[in-house]
Amino acid sequence: MPRHRPRTTTAPPAARIPRRPETGDMRRKLVIVGAGMAAAYVLQELAQLEHDLDVTVIGDETEACYNRVLLSNVLAGENSEADLAMLEPAMLEPAMPETDSPETDSPGTVQFVTGTRVSAIDTDARTARCADGSEHPFDALVFATGAGVARPGVDCSGIIGVEVFRTLRDARELRALPARGRRALVVGAGLLGLEAAHGLNELGFDTRVLHRNPVIMNRQLDTEGGAQLQRDLEARGIHFDLGVQIAGVAADDNGRLCGVTLDNGERLPADLLLFATGITPNIELAAQAGIATARGIRVDERLRTSAPGVYALGECSQFGEHCFGLVAPIREQAAVLAAQLAGVQHPPFCLQDYPTQLKISGVEIYRAGELDDAAEQLVLRGNGVYRRLVLRDNRLVGAVLVGDKRGGTWYSELISGGGEIGALRAGLIFGRDVSEALAAA
Amino acid sequence: MPNCNTTCPYCGVGCGVTAQLAGGQVSGVLGDGDHPANAGRLCVKGTALAETLGDEGRLLHPVLAGHRVSWQAAIAALGSKLQEARERHGPDAIAFYLSGQLLTEDYYVANKLMKGFLGSGNVDTNSRLCMSSAVAAHKRAFGEDVVPCTYADVEDCDLLVMVGSNAAWTHPVVYQRIEAAKQANPGKRIVVIDPRRTASCDLADLHLQLLPGTDAFLFAGLLRHLANNGALDRAFIDAHTSGLDAALDAAGNLDAAGVAQVTGLDAQEVATFYDWFTATERTVSMFSQGVKQSATGTDKCNAVINCHLATGRIGRPGMGPFSITGQPNAMGGREVGGLSNQLAAHMDYDPADVDRVARFWGATDMAAGPGLKAVDLFQAAADGHIKFLWIMATNPAVSLPDSALVRRALARCEFVVVSDCTAQTDTAAFADLLLPAAPWGEKDGTVTNSERVISRQRQLVPALGEARPDWLIVTQVARALGLGEHFDYRGPEAIFREHAALSAFENNGSRAFDIGALAQLDDAQYAALAPVRWPLPASGPAIEPFCDGRFFTADGRARIVAVQPQAPAPGEGMTINTGRFRDQWHTMTRTGRVPRLSQHRDFFSISLNPSDAAQLGLAEGDLVEVGNAQGVVRGLATLDPGIARGQSFVPIHWSGQFTAAGGASNLIPAITDPYSGQPQSKFAHASIAPCAVASWGLLFSREPLVMELAYWSRIAVSGGYLTLLADTAAPATVYAQLARELGADCERAGYEDSVGGDWREVGRRGDTLHYALFLNRSRDALPERGWMTGLGSETPAAGEWHQLLAGFSAERESAGKLVCSCWEVGETQIARAIEAGADSVETLGAALRCGTQCGSCIPELRQLLDQAREDCAA
């Protein structure tokens, strides 16, 4: 879970940034399409800056700006819905009439429009039209439309019991299902799949995870790290079928899910099927508006799309060949974007090697740098822990930590710093304190 | 809490020990304030006696051919094998090899059985290795094996000459008495004659660091000097001695310069020593293994004794030649006749003695002549002449010279019986029959110390398992052989009475050893017997030996023996010296179990001079191999400026149970003194070379582990063992070997850096650490030893076990190398106290208690203080 930066509710008084002269309005209007975490980060960043923006956030969910990362904990009953809040409650209240005096140095307003989706955007007229018919003019617009669950490659349309797990509403619905004695199948052992599996397992489902790769979380972990995490999850009662794909979904006469067939011919009974085989950026709206898209909405290092005054960030965006799914780069995007919108100096967005930092079912995971098998390895294993550091030319180049991620941040610093390890080597894998103490001894 | 007085089972000082008993256990021990040997003092080994009790590592049942059997079956098997060997090959095909660790009663019945009823003189003892040269010298000089001094003389003398004795470590309580006496009498001079600068040199006014084996030149030269300077006691010589002229002739014209040349000493130092000796009437020459364990040990002892006879400095308070023995009951063994060339009660094999003893015993098959001495006995076994061998309370596979020969002997001998309290010893590995003997604290009897004081060793706790006292085992065998009527003892009391009666039998003053006064002790008196010094004749005054100038030769005169000094034969390589450490005893079968006794000197090490080490490219702690035609030992290099160049010191304690290749005896050729048969254990030639090490390791384990490595050395620590290991193979290979032994049913956590050569693993069973192994290419990268030592009680939180692999914990500060074993005070603590202002042994003691109990660390404390002062001045 990302750590929130300290926030101020009002921006400090500072030199005003000149408005665009061609608008008659005293203040500019910013529309953010999508009320997910990316939007929340932009609002958080803006709240710390001096700007002349009145912000309208439009989201199709009833709830806005909650912490989606914690949904699996809500599913598991480990967090309450209240724990998901990312913004001050006052911020989310219905917008006040615009009767403020524009001459004052008051911070911009933030208005939330929820439960409706933007259906069309006119980049020339600079309006966003919602499904409910309302229109929102903008000076600037931000796509924060996020991503949807990737469609499975098998036909399961109309089958009762095939669910998705993406929103708070999904979580509520899943929580409402009878769980005890019922079998849940999660397809995909990436971060989302494992989090969902953990939640379902905690709910009482007899939970099984299918994964195409023989290693779970293979995009973040190496073989042994995946195996360690698998052991930990198995110890918590989650079952795994690895190296298999789903070939078909079977329903009973009532249209209710009864099982799946695997590509190896095996059949598995199931009462609930959840796909977590990846995400697909939500780009349709941008594409319709004539904005350049590929997998995601194309943005540059200032998060600008192909349309002037239109930006994108988060899971819907694509920077170079990269799409995004983890929190850290999206937060960085939000900081760049907020500065851009406020007209404040900020280094451009660039791709960094963001360490992966996760906690799945209580198991800490950290991964940074490259896990080059041909380089020198320091490996610690046992006691429910797997830690591997990769060294090349007496420098740390990669780290993967499962079960005990202490020292992760330090490793990231060492990796990006690129300095020689030297005497730190003997204690390196035990973190900074031990390593430095041993090196000093 | 009831107390029970008994006697310490370690060195020949024979200290009285007060055992505190609680709930059927020995809860602690204190020095017996009433005992004449120690008056309440104890050394660290004695202090730790309670910790040697218990069943860890104990042999608790008879084991025949690897299988547990009943005592009945064991005795029957022993009896039939003995009988068979004797009938088929004759009485000289059987032998007993006894020990200075046995009590007098054990010794007596074993000796009686063999020499009186089995017709063989083949009873010898490990005391052969310890002091038989002193016995031979005493007999040559005095006509009988009589020690003419007591510890009080050592205190009362004005000049104490310590010859081949590191009493500070080997006889710590006597050393403490010397130290106290010197403090009380600052005019008292102490001369230490030793090729090593030892802890005992701490007190010395003069240390003569002579070349190994040249002591006889020094004393022959002294005799010549005394004669040349009118320092001879002509009246005493004329009245009570013979042989002076021949002895002077043999000494030739050795003057201080000549002596200096052959001994490697400074002529001025020699002259100083001669002057002091000449001028000091009250002189005691205390000699020990340094001169006895020599191919010319008897001559060396006589060379010392000669100087006392020629000056009449004998038989009076504060003077005399004083052989101090190594073992607790070396003297008792000599009294019963436990050496193969003695018969019994200080009687030898002359026909009158044989007849007298035969009549006393009612012997059915009396040995006609001396049996084989230890080294010859094992040589005979190796040659196939000894078919049955019964070894009691000793570990010859480690302690006898030429270990390869001993192993051949034990392997070849048809039936080897080993009576011991410890299950696994290097000797027990060869036994066909293992008999569980009751150790100290579980048996009753008597011992005699170096100053002829007979003390009781008392049973404190019931014998564990099926252990039995040795005297009982021997008498049961005698019964099985149909000799029950001659060995019908109800207990050790009856044996002691018979022994005392034999000492008085037809004695009439002809033998000094007469304890006839004790032959009438009833059981209660024996039980309560307070320490007594012999002679104790049934009638007549008990006078100190030689105070009347009467000796026990045929003519009543002492012999001044013509000694032709000989230097050891020259050889290739380094000169090897051997000896004891402060906190260990013999082959560590008991002291090796006590963690705090393994702290002062931990892993098997070989000392050499720093300059020699530098020439060999050796640093402190590097692995070295010392080898010669006899064998090889491997140990860590200890750089000791107290060792002269060209020499090396190998401690005697390490057996195959504690290190890979550590037996000092592996280097010692089976060369013996022609008179005493005592081996030259303190002298050998060997080459020394560094060993290439690719892996170093430290292992904490609950169990002792079997390892096939170039080097490993193990000590007991709290809750388990700590092993230092080294090998020529890379850490990964060593790990692969050890991983198989490390307890399969453990939950393991490991760390590997294969390129860096760093392998670590911990294994636990539930909440208990089972082992922790650290392997590294570099010795310096291993965890600190103090940290490893504490692992036995380490219980990290459930998720934190893998943190142990760091081999380090910030919270615990190490005390450093243990200096004071009694109070477990380490070097680091001492250094800090010195920094904080402690500037003397006394202030250190006040601050940390170090040195305030047994005092044997005081030389080291003083060294640390001196070091700190030098560092300060530098």
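Residues numbered from 1 in each chain as written. Chains lettered and ligands numbered in written order. Predicted model: local features only at pLDDT ≥ 70, side-chain atom pairs only at ≥ 80, totals over all residues. Heavy atoms only, no water.

As recorded by an unreviewed UniProt entry, chain B carries the name Nitrate reductase and is attributed to Mangrovimicrobium sediminis.

As annotated in an unreviewed UniProt entry, chain A carries the name NAD(P)/FAD-dependent oxidoreductase and comes from Mangrovimicrobium sediminis. In its Cofactor (unreviewed entry) section, UniProt records this for chain A: "FAD". (UniProt positions renumbered as here; feature names shortened; annotations may be inferred.)

This part is about the overall build of chain A. On a plain count of helices and strands, chain A comes out with eleven helices and 26 strands. A globule of 441 residues ought to have a C-alpha radius of gyration of about 22 Å, and chain A, at 24 Å, matches this closely. By its C-alpha atoms, chain A is 70 × 65 × 35 Å across when sized along the principal axes. With 441 residues in all, chain A has 51% of them scored as buried. (Helix = DSSP H or I, 4+ residues; strand = E, 2+ residues; numbered from the N terminus. Rg over C-alpha atoms; globule rule 2.2 N^0.38 Å. Buried < 20%, exposed > 50% of the residue type's maximum accessible area, 1.4 Å probe, protein only.)

In terms of helices and strands, chain B carries 28 helices and 34 strands. The globule rule puts the C-alpha radius of gyration for 874 residues at 29 Å, and the 27 Å found for chain B is close to it. With respect to the principal axes defined by its C-alpha atoms, chain B has extents near 80 × 70 × 55 Å. Taken across its 874 residues, chain B has 64% of its residues classed as buried. Counting contacts in chain B only where the partners sit at least 6 residues apart, residues at least 24 apart contribute 71% of the total. Accessible area of chain B: about 28,600 Å², with a carbon and sulfur share of 50%. Seen as two clouds, the 71 positive and the 96 negative side-chain charges of chain B have centres 2 Å apart. (Contact = heavy atoms within 4.5 Å. Areas by Shrake-Rupley, 256 points an atom, 1.4 Å probe, with all protein chains shown as cover. Lys, Arg positive; Asp, Glu negative; His and termini not counted. Charge placed at Lys NZ, Arg CZ, Asp CG, Glu CD.)

What follows deals with unusual backbone geometry. Residue and element names in this part refer to chain B. Note the cis peptide between Trp534 and Pro535, where omega equals 5°. Counting through the fold element by element, Pro535 comes out in the loop between strand E19 (532-533) and strand E20 (558-559). In the Ramachandran plot, Asn508 falls in the positive-phi region, its phi being about 50° despite a non-glycine side chain. Relative to the elements of secondary structure, Asn508 occurs in the loop between helix H21 (492-504) and helix H22 (523-527).

As a measure of interface size, the accessible area lost when the parts come together is often cited. Residues and elements named next belong to chain A. Considered domain by domain, chain A is made up of domain 1 (28-148 + 280-342), domain 2 (151-277) and domain 3 (362-440). Each of domain 1 and domain 2 has a C-alpha centre, and the two are 31 Å apart. On the domain 2 side, the residues contacting the 17 residues of domain 1 number 16 residues. With both chains or domains summed, domain 1 and domain 2 bury close to 1,500 Å², and 56% of this area falls on carbon and sulfur atoms. In this assembly, domain 1 and domain 2 are joined by three salt bridges. Taking the shortest distance from any N to any O, the salt bridge between Glu315 and Arg166 comes out at 2.3 Å. Here domain 1 is connected to domain 2 by nine residue pairs in polar contact (both at pLDDT 80 or more). Looking at the side of domain 1 that touches domain 2 element by element, the count peaks at five residues for helix H2 (residues 71-76). (Domains from an automatic or database assignment. Buried area = accessible area lost by both parts, 1.4 Å probe. Salt bridge = Lys/Arg side-chain N within 4 Å of Asp/Glu carboxyl O. Polar contact = N/O pair within 3.5 Å; in protein donor to acceptor, adjacent residues only side chain to side chain.)

Residues Leu396, Tyr411 and Leu428 of chain A together with Leu160, Met286, Leu844 and Leu861 of chain B are the most contacted members of the largest nonpolar core, which totals 135 residues. Leu396 of chain A has contacts with Leu389, Val390, Leu391, Tyr411, Leu414, Ile415, Ile421 and Leu428 of chain A, leaving out every residue within four places of it along the chain. Formed by 125 residues, the second largest nonpolar core is a distinct cluster that contains Leu206, Phe277, Ala512 and Phe546 of chain B. (Core = buried A, V, L, I, M, F, W, Y, C linked by side-chain atoms within 4.5 Å.)

Turning our eyes to something else, we now look at the sheet that holds strand E7 (residues 123-125) of chain B. Residues and elements named next belong to chain B. Strand order in the open sheet formed by seven strands is E5-E4-E16-E15-E14-E6-E7, with mixed pairing between adjacent strands. Looking at strand neighbours, the two that pair on one side only are strand E5 (67-68) and E7, the edges of this open sheet. Direction of pairing for strand E4 (residues 63-64) relative to E5: antiparallel, over a ladder of two bridges. Within E5, the position partnered with Val63 by the bridge is Arg68. (Pairing = 2+ DSSP bridges.)

When cut into domains, chain B gives domain 1 (3-52), domain 2 (63-129 + 330-489), domain 3 (132-323), domain 4 (574-586 + 603-678), domain 5 (695-806) and domain 6 (818-873). With centres defined by C-alpha atoms, the gap from domain 2 of chain B to domain 6 of chain B works out at 45 Å.

Moving on, we get to the interface of chain A and chain B. Taken together, the 18 residues of chain A in the interface contact 22 residues of chain B. The contact between chain A and chain B buries some 1,600 Å² in all, and 50% of this surface belongs to carbon and sulfur atoms. For chain A, the biggest contributors to the area lost against chain B are Arg381, Asn383 and Phe430 of chain A; these three give 36% of the whole. One can count three salt bridges joining chain A with chain B. A salt bridge links Arg381 of chain A to Glu752 of chain B, with the nearest nitrogen and oxygen atoms 3.0 Å apart. Across the side of chain A that touches chain B, the residue classes tally to ten nonpolar, three polar and five charged. Here four bridges tie strand E24 (residues 376-382) of chain A to strand E30 (residues 747-753) of chain B, and the two strands are oriented antiparallel to one another. Considered in E30 of chain B, the bridge of Val379 of chain A is made with Glu752 of chain B. (Nonpolar A, V, L, I, M, F, W, Y, C, P; charged D, E, K, R; others polar.)

Taken as a whole and judged by the stated rule, the model has five cavities of 30 Å³ or more. Contributing to the lining of the largest cavity are 13 residues, with Cys8, Cys11, Cys15, Cys43 and Val173 of chain B lying nearest its centre. Contributions of two or more residues to the lining of the largest cavity are made by helix H1 (44-47) and helix H7 (172-184) of chain B. Taken together, the residues of the lining of the largest cavity break down into nine nonpolar, three polar and one charged. The residues that make up the lining of the largest cavity include at least three from each of domain 1 (3-52) and domain 3 (132-323) of chain B. A volume near 70 Å³ is recorded for the second largest cavity. Val149, Phe165, Arg166, Leu192, Ala196, Leu274, Phe275, Ala276, Thr277, Gly278 and Ile279 of chain A are the residues that line the second largest cavity. Contributing elements (two or more residues each) for the lining of the second largest cavity: helix H5 (191-203) and strand E16 (272-275) of chain A. Looking at the lining of the second largest cavity residue by residue, the class counts come to eight nonpolar, two polar and one charged. (1 Å grid on protein atoms, 1.4 Å probe; cavity = no way out; pocket = protein on both sides within 12 Å on 5 of 7 lines; lining within 4 Å. Points joined across faces, edges and corners; volume = space filled by probe spheres on them.)

Residues and elements named next belong to chain B. For the structure shown, the criterion picks out 28 aromatic pairs over all chains. Between Phe117 and Phe487 the ring centres are 5.3 Å apart and the planes differ by 70°, which places this aromatic pair in the edge-to-face class. A residue pair is termed long-range when its members are at least 10 positions apart, and Phe117 in helix H3 (residues 104-117) and Phe487 in the loop between helix H20 (470-480) and H21 qualify at 370 residues. Classification of Phe487 as buried rests on a relative accessible area of 0%. Connected via pairs of aromatic rings, a cluster forms that spans Trp169, Phe581, Phe604, Phe649 and Trp654. In this arrangement the basic side chain of Arg714 is found over the ring face of Tyr721, its NZ or CZ atom lying 5.8 Å from the centre. (Phe/Tyr/Trp six-rings, centres within 6.5 Å; stacked < 30°, edge-to-face > 60°. Lys NZ or Arg CZ within 6 Å of the ring centre and 35° of its normal.)

Residue and element names in this part refer to chain A. With respect to the secondary-structure elements, Leu285 resides in helix H7 (residues 284-288). Remark: the alpha-carbon pair of Leu285 and Ser119, spanning 166 residues in sequence, is separated by 6.9 Å. Apart from residues no more than four positions distant in its own chain, Leu285 is found in contact with Val33, Val118, Ser119, Ala120, Ile121 and Phe143.

Moving on to the sheet that holds strand E20 (residues 317-319) of chain A. Residues and elements named next belong to chain A. Across the sheet, which stays open at both edges, the three strands sit in the order E18-E20-E21 with mixed pairing between neighbours. The open sheet has two edge strands, strand E18 (297-299) and strand E21 (322-323), and neither has a second partner. Pairing analysis gives two bridges linking E20 to E21, with the strands arranged antiparallel. By the bridge assignment for E21, Gln318 is matched with Cys323.

This brings us to the confidence of the model for chain A. Keep in mind that low pLDDT regions are not for reading the predicted coordinates in detail. Confidence along chain A averages 87 in pLDDT terms, with 91% of residues attaining 70 or more. In this model, residues 95-105 of chain A is a region of pLDDT below 50 whose contacts with residues beyond four sequence positions or in other chains number eight contacts. (pLDDT = per-residue confidence, 0-100.)

Another point: the pairing of strand E26 (residues 395-402) of chain A. All names here are of chain A. With seven of its eight residues buried, E26 lies for the most part within the structure. Here five bridges tie strand E23 (residues 363-369) to E26, and the two strands are oriented antiparallel to one another. What sits directly across from Ala368, in E26, is Ala399. Linkage of strand E25 (residues 385-392) to E26, two consecutive antiparallel strands, is achieved through a turn of two residues, within which Asp393 is found at a positive phi near 50°.

Residue and element names in this part refer to chain B. Buried residues dominate strand E28 (residues 711-717), accounting for seven of its seven residues. On E28, burial covers both faces: Tyr711, Ser713, Ile715 and Val717 on one face and Trp712, Arg714 and Ala716 on the other are all buried. In terms of strand pairing, E28 meets strand E29 (residues 720-727) through seven bridges, oriented antiparallel. By the bridge assignment for E29, Trp712 is matched with Leu725.

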